[in-house]
Amino acid sequence: MTEYWNISNANYIRALKSNAYIKLFKLQALNHYENVMYDITSKLNDSSKGSINCNYNQGKRRTCSFSLIDNDNLYMPNNEDSLFFKNKKFKISLGIEYQNERFWFDEGVFIAKTVDKQDNVVNISGVDKFALFSNDMNQHKLQQKYVIPAGSTVGRVIEDIITIDMGNGYPTDPIKPIIAPQLYNLAIPYTVEKEQNSTLGDLLIDLATAVQCDIYYDGQGYLNLTKVITDDYLTYAPMWEFSEHQAGYNSASLSFDYGNCVNAITVKGTDSNAIYSYTAINDYPMSTVRTSLIGFNYGDIVETPMGYDNQRCKEYAEYLLNKKTILALLTKFNGAFLPHLEENKLISIEDRKFGFNKERFVVQEFVLPFGASDMTLSVANINDLPFTKERRLYE
């Protein structure tokens, strides 16, 4: 049996299209430094309706839920030696088997957020590692003002934050993040402060958004800081092509939340010595929510310490406007099991009843089930988004 990890090749695509594959699931307990300690896949409850949910968010993106058989009281929630005790890590991988080949895809490194036991079944809800910096795990809430000195670089600040001592002698995340060199060395020209009762996660999100970047943990458990690809959507190939003429596409619906529709948003800095601000506007001619068609629908004004100059305010505002547009204009459907799928990547849809002729959509959210049911997807048409290469031609 040949095994492949995180590789989508021609054999894998052929296996998916055959619809004759076997679904695979792997659950592994990790130590703090994310070395595999135990494979506990066999403990998975056969009747489990477990799943992984991945959402295109800043910060926390991945959650999971599943249940285990625990006849020996190994995973009791009040047992500090349990593999699912607070802040202990585990990894989930999904895949398919077809004609003596296995294709595995890592779906995340998680920590348990809730654990409960009924009879001999333990139910676990997990969150990705960003929860260690947010209110999800009540970890790293600022007890005093946090100061980023002027001249600090973005990459060094992020590394310092994620490796901060948890209070028990261990760094919160000992795994080196993935940051492009041009972002790593980007200097912050002014002192930035975050007030007490905020979290380190809030600071990470502010920092990333201000440089128009996504910050998140990927399926392999690495923190990523990546430039948003909004302007490049039209140049990306879809990760999968769905069609009403093929199996693996059903129950489609359109959901336009006009009440939350935003086509303009303003971001301001908080520096008392200077006034920096920028208003991002969706005037892309193909967008169904462009200002010239429906008028101005303003989002709440956002004030951030990371708005330390007009360029930072501009990038912050454009990022927020793109995200709010995606959330308001969604197409939802059930689809074939695709363990290689990623959020904020493209798929295409052919569906005559909605007028989709191989239209391209960006993936906002998907749910991968462990069992036999289809995955569910929420996607947004890239034509509705405010910033594309065509959009730039009008500036």
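Anyway, here's the lowdown on the structure attached to this text. (Residues numbered from 1 in each chain as written. Predicted model: local features only at pLDDT ≥ 70, side-chain atom pairs only at ≥ 80, totals over all residues. Heavy atoms only, no water.)

**Some words on the nonpolar core**
Inside soluble globular proteins, nonpolar side chains tend to come together where they are buried.
Thought 1: Judged by nonpolar contacts, the single largest core of 53 residues is most densely connected at Ile158, Ile188, Leu204, Leu225 and Val362.
Thought 2: Looking at this core, the elements with two or more residues in it are α2 (154–162), α4 (200–210), β12 (213–217), β13 (223–227), β16 (264–269) and α6 (310–328).
Thought 3: The greatest single-element share of this core, amounting to 7 residues, is contributed by α6.
Thought 4: Leucine 225 has contacts with Val154, Ile158, Ile178, Ile179, Ala180, Leu183, Ala208, Cys213, Asp214 and Ile215, leaving out every residue within four places of it along the chain.
Thought 5: Tyr12, Ala15, Phe356 and Phe370 belong to the second largest nonpolar core, which has 47 residues in total. (Core = buried A, V, L, I, M, F, W, Y, C linked by side-chain atoms within 4.5 Å. Buried < 20%, exposed > 50% of the residue type's maximum accessible area, 1.4 Å probe, protein only. Helix = DSSP H or I, 4+ residues; strand = E, 2+ residues; numbered from the N terminus. Contact = heavy atoms within 4.5 Å.)

**Quick notes on the pairing of strand β7 (residues 101–118)**
Thought 1: Relative to β7, strand β1 (residues 2–5) is paired through 4 bridges, and the arrangement is parallel. Bridged to tryptophan 5 within β7 is tryptophan 104.
Thought 2: In this structure, strand β6 (residues 89–98) lies alongside β7, joined through 10 bridges in antiparallel fashion. Bridged to leucine 94 within β7 is phenylalanine 105.
Thought 3: If you look at the hairpin formed by β6 and β7, you'll find 2 residues sitting between the two strands, and glutamine 99 has a positive phi there, around 50 degrees.
Thought 4: In this sheet, strand β8 (residues 121–128) lies alongside β7 in antiparallel orientation, the contact comprising 8 bridges. Among the inter-strand pairings, glutamine 118 is bridged to a residue of β8, identified as valine 121.
Thought 5: In sequence, β7 turns back onto β8 through a hairpin of 2 residues, with aspartate 119 there showing a positive phi of about 55 degrees. (Pairing = 2+ DSSP bridges.)

**A few points about the side chain of aspartate 351**
Thought 1: Relative to the helices and strands, aspartate 351 resides in strand β20 (residues 346–351).
Thought 2: Look past the residues within four positions of aspartate 351 in its chain and what remains in contact with it is Glu244, Tyr249, Ala252 and Phe356.

**Focus: the packing of aromatic side chains**
Thought 1: Tallying each qualifying case throughout the model produces 19 aromatic pairs.
Thought 2: Plain terms: the ring middles of tyrosine 4 and phenylalanine 103 are 5.1 Å apart, the flat faces sit at 10 degrees to each other, and that makes the pair stacked. Linking tyrosine 4 in strand β1 with phenylalanine 103 in strand β7, this pair joins segments that are 99 residues apart in sequence.
Thought 3: Residue tyrosine 4 is classed as partly exposed on the basis of its relative accessible area, which comes to 22%.
Thought 4: Consider the rings of tyrosine 33 and tyrosine 170, whose centres lie 6.5 Å apart with planes at 55 degrees: the pair is tilted. Of the two residues, tyrosine 33 is situated in the loop between β2 (22–30) and β3 (36–39) and tyrosine 170 in the loop between α2 and β10 (178–179); the sequence distance between them amounts to 137 residues.
Thought 5: Overall, tyrosine 33 belongs to the partly exposed group, its relative accessible area being 41%.
Thought 6: Classification of tyrosine 170 as partly exposed rests on a relative accessible area of 39%.
Thought 7: Its guanidinium or amino end placed over the ring of tryptophan 104, lysine 26 lies 4.8 Å from that ring's centre, counting from NZ or CZ.
Thought 8: Above the ring of tyrosine 216, the side-chain terminus of arginine 61 is found at 3.9 Å from the ring centroid. (Phe/Tyr/Trp six-rings, centres within 6.5 Å; stacked < 30°, edge-to-face > 60°. Lys NZ or Arg CZ within 6 Å of the ring centre and 35° of its normal.)

**Remarks on a nonpolar patch on the surface**
Thought 1: Among the surface-exposed residues, Leu254, Phe256 and Tyr258 lie close enough to one another that they form a single nonpolar patch of about 310 Å² accessible area.
Thought 2: As for its placement among the helices and strands, tyrosine 258 is situated in the loop between β15 (249–256) and β16. (Patch = residues over 30% accessible without salt bridge, like charges linked within 9 Å, V, L, I, M, F, W, Y side chains within 5 Å. Areas by Shrake-Rupley, 256 points an atom, 1.4 Å probe, with all protein chains shown as cover. Salt bridge = Lys/Arg side-chain N within 4 Å of Asp/Glu carboxyl O.)

**Some details on the environment of glycine 248**
Thought 1: Checked against the element boundaries, glycine 248 lands in the loop between β14 (241–243) and β15.
Thought 2: C-alpha separation for the pair glycine 248 and leucine 338, spaced 90 residues apart in sequence, amounts to 10.0 Å.
Thought 3: Setting aside chain neighbours within four positions, we find glycine 248 in contact with Phe242, Asn334, Gly335 and Ala336.

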